[in-house]
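Now for the letters of each chain:
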Amino acid sequence: MSGRFVRSSKYRHVFGRSTRKDQCYDNLRVSRNAWDTNLLKVNPKHIAVNWEAGGGGAFAIIPLEERGKLPERIPLCRGHTAVVLDTDWNPFNDDLIASGSDDGKVFLWRVPENFTVRPDAEADDIKDLAPIGKLSGHPKKIGHVLFNPAAENVLATASGDYTVKIWDIEAGSPKLTLNIGDIVQSQSWSANGSLLVTTSRDKKLRIWDVRQERPAHETNGHTGAKNSRAVWLGERDRIATTGFSKMSDRQLALWDIRAVREPINGFKTLDSISGVCMPFWDDGTNCLYLAGRGDGNIRYFELENDKFEFLSEHKSGDPQRGVAFMPKRGVNMHENEVARAYKTVNDSYIEPVSFIVPRRSENFQDDIYPPTSGLAPAMSSSEWLGGKEAIPPKISMASLFDGEGLKEVSGVEEKPTGVIDTPAPKAVEPPKPVEAPQKTHEPATLKAAPEPVPEPVSIGRPAPSMKEQGASMAAMVNKFADGEEDGNVSDDDNSSFEEVPKPVERATRSPVAETSSPRVSSPLRPKEIETKSQPATAISTPSSPVPETSTPQAAVPKNDIEEIKNLIAEQTKTIASQALQMQTLTAEIEALKSKMN
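Residues numbered from 1 in each chain as written. Predicted model: local features only at pLDDT ≥ 70, side-chain atom pairs only at ≥ 80, totals over all residues. Heavy atoms only, no water.

1. Comments concerning the pairing of strand S12 (residues 142–147)
Judged by how many residues are buried, S12 sits mostly within the fold: 6 of 6 residues are covered. As defined by bridge partners, S12 adjoins strand S13 (residues 154–159) across 5 bridges and the pair is classed as antiparallel. Bridging across to S13, leucine 146 finds its partner in alanine 156. Between the end of S12 and the start of S13, which pair antiparallel, lie 6 residues, with asparagine 153 showing a positive phi angle near 65 degrees. (Buried < 20%, exposed > 50% of the residue type's maximum accessible area, 1.4 Å probe, protein only. Helix = DSSP H or I, 4+ residues; strand = E, 2+ residues; numbered from the N terminus. Pairing = 2+ DSSP bridges.)

Listed below in structure tokens is the structure:
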């Protein structure tokens, strides 16, 4: 047991919770077409599912709140003359969806207000939805459609003509064409919408500079004969792929887009199941979910130090053919749900699966819900075509938790805010000296005027405070033995040295003294006062004790400085001796350990 280590992670105990059958979406006819897509797409308002329909192609749109058993006849999105192969929701409009079909057409659809799958009408009187736009340009089937995550009205469509076309759906025409050279098996945009990664039947992984219409990088991907998938890992410069080896083992790989010759740490073997792994990335938790096509399991990993650390696996006896994940703004934060998947079961109903962090607190958990993408695009389609690159503005998850709606966050709201918080006290201190010049007109009076009044107190304070500092420093040496004097200086930020700047005397002395060395201990500050105290005494006429400041004030700091220097020298010697003692003790402990082993 002594050799086992448990990795620390907030998501180590995340578990998947299935939904009761009566809360699922039942009585569906999911498409049985063999084309390899996810069959489902979901957003916080609707689910889109490819439908098994005769006489052309169709797909169904189901409002999320309409659970339970659906009627035998529901309104469908009809218009394609062949089976619908893929759909995708507009990331900036929850009511707009695009569909690609075997007929080589792309249709755009808008969900009407108050749409329901249980209309108050007879079955024969139910009206299907009609498309609001049509994009024609591919001569063969369109297997994948995917909206740009940063630019508005930009759509990528992959076709059987071995190309990917980039459409401006507002103009209704293709603007760019990527010549893949083979059937595209998956595609994924980067977070800023400038790059597109594709996997294809020729076993190549390509990263496209879309607006240049050329691949920026190309390398050999998974070598197996079955399909591979790729997903961009949010705002990172990393890509995850799933595929098969030559021996038909399922694999997972992580790629650095700047050096894609080989995957980071090679190909990782998962298992020998024959179904394709569908990858889904959650940027808020840095977790990758892998849903097996044809089995009922969803396993999830956490990306840490360029390595996928296995967390757990949601196992189910009900196999899935299609899976979709809810955008982060649609999860239930009141139950600490970090992800929600929707899976098809037996091609007849859709079951939601919630992934929950087990916590008892009912408050908002800001550490697992960072700001996420909202409904505002980063740029228009014309700006994107002109070469602009930007990340869409983030929204606060706390505002959604409190029921305040979508609220954009300004500034940097990523994890580096913890680093920004550390120098915050130093930035707050300079406004204090600004108040002093309002009382005294000359800069020199700032250094002399405050001194005479608190002089009896300030003279008596340095000695005891330094002793306390010495004691605290000695205690810290015993607790955190570094063996170097530099380490002791760096520890001053966390020791009682930080308590010295709190009295008013330091705050009203000099802006130069505050900004030059904010982390230096108080003994350095009398030096700065001493250098400018002589001209200050000649100008300090407004202060009341003028006769006392002419001679004693210049003499007293010199004595104090000498005493303080002596104290510092003694403390330095004490620290050095204690550090040597700690080194010898450490050496003895290591020797004892080696003997015990």
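Having put the structure on the table, let's press on.
2. Observations concerning the pattern of salt bridges
According to the stated counting rule, one finds 35 salt bridges in the structure shown. Arginine 20 is the salt-bridge partner of aspartate 22, the closest N and O atoms lying 3.3 Å from each other. Using a relative accessible area of 47% as the deciding quantity, one classes aspartate 22 as partly exposed. We classify arginine 20 as exposed; its relative accessible area is 55%. A salt bridge links aspartate 256 to arginine 238; the nearest nitrogen and oxygen atoms lie 3.2 Å apart. (Salt bridge = Lys/Arg side-chain N within 4 Å of Asp/Glu carboxyl O.)

3. Quick notes on the packing of aromatic side chains
Summed over all chains, the structure comprises 15 aromatic pairs. For the ring pair tyrosine 25 and tyrosine 342, a centre distance of 6.5 Å and an interplane angle of 45 degrees mean the geometry is tilted. Taken together, the residues tyrosine 25 in strand S2 (residues 25–26) and tyrosine 342 in strand S29 (residues 337–345) connect sequence positions 317 residues apart. Residues tyrosine 25 and tyrosine 342 agree in their burial class; the two are buried. Judged by centre distance (5.4 Å) and plane angle (90 degrees), the rings of phenylalanine 59 and tryptophan 109 are edge-to-face. Residue phenylalanine 59 is found in strand S5 (residues 57–63), and its partner tryptophan 109 is found in strand S10 (residues 105–110); the two are separated by 50 residues along the sequence. (Phe/Tyr/Trp six-rings, centres within 6.5 Å; stacked < 30°, edge-to-face > 60°.)

4. What to know about the sheet that holds strand S20 (residues 229–232)
Spatially, 4 strands are ordered S20-S21-S22-S23 in an open sheet, and the strand pairing comes out antiparallel. Strands with a single pairing partner mark the edges of an open sheet, and in this sheet they are S20 and strand S23 (259–271). Recorded for the sheet is a direction-independent mean angle of 20 degrees between the axes of neighbouring strands. The pairing of strand S22 (residues 250–256) with S23 spans 5 bridges and is antiparallel. Counted as the bridge partner of glutamine 251 is threonine 269 from S23. (Axes fitted to C-alpha atoms, helices over the stretch in contact; angles between N-to-C directions.)

5. Quick word on the sheet that holds S10
In space, the 4 strands of this open sheet follow the order S8-S9-S10-S11, with antiparallel pairing throughout. The open sheet is flanked by strand S8 (84–89) and strand S11 (133–136), the only strands paired with a single partner. The mean angle between the axes of side-by-side strands here comes to 20 degrees, regardless of whether they run parallel or antiparallel. Inspection of the sheet shows S10 paired to S11 by 4 bridges, in the antiparallel sense. Counted as the bridge partner of valine 106 is leucine 135 from S11.

6. Details of the UniProt feature "repeat: WD" (unreviewed entry) in the chain
In this structure's numbering, the residues bearing the UniProt feature "repeat: WD" (unreviewed entry) are residues 77–119, 135–177 and 184–218. Secondary structure across residues 184–218 comprises 0% helix and 66% strand; the distance between its end C-alpha atoms is 14 Å. (UniProt positions renumbered as here; feature names shortened; annotations may be inferred.)

7. Quick look at the environment of arginine 229
Position of arginine 229 relative to the elements: it lies in strand S20. Judged by its relative accessible area of 7%, arginine 229 is buried. Looking at arginine 229, its side chain comes within polar contact range of the side chain of aspartate 36, at 2.9 Å. (Polar contact = N/O pair within 3.5 Å; in protein donor to acceptor, adjacent residues only side chain to side chain.)

8. Looking at the confidence of the model for the chain
Looking at the chain, pLDDT values average 80 and 74% of them are 70 or higher. Note on residues 412–465: pLDDT is under 50 here. Beyond four places in sequence and across chains, it has 48 contacts. Segment residues 479–556 is flagged for pLDDT under 50; beyond a separation of four residues in sequence, or across chains, it makes 90 contacts in the model. (pLDDT = per-residue confidence, 0-100. Contact = heavy atoms within 4.5 Å.)

9. Details of the nonpolar core
Formed by 33 residues in total, the largest nonpolar core has its most connected members in Ile61 and Tyr342. When contributions to this core are tallied by element, the ones reaching two or more residues are strand S3 (40–42), strand S4 (46–51), S5, strand S7 (76–80), S8 and S10. Considering every element that reaches this core, the biggest residue donor is S5, with 5 residues. With residues up to four places along the chain from it excluded, the contact list for isoleucine 61 reads His46, Ile47, Cys77, Trp89, Ile97, Val111, Phe115, Val117 and Leu129. Membership of the second largest hydrophobic core comes to 24 residues, among which are Tyr11, Val14, Met278 and Phe401. (Core = buried A, V, L, I, M, F, W, Y, C linked by side-chain atoms within 4.5 Å.)

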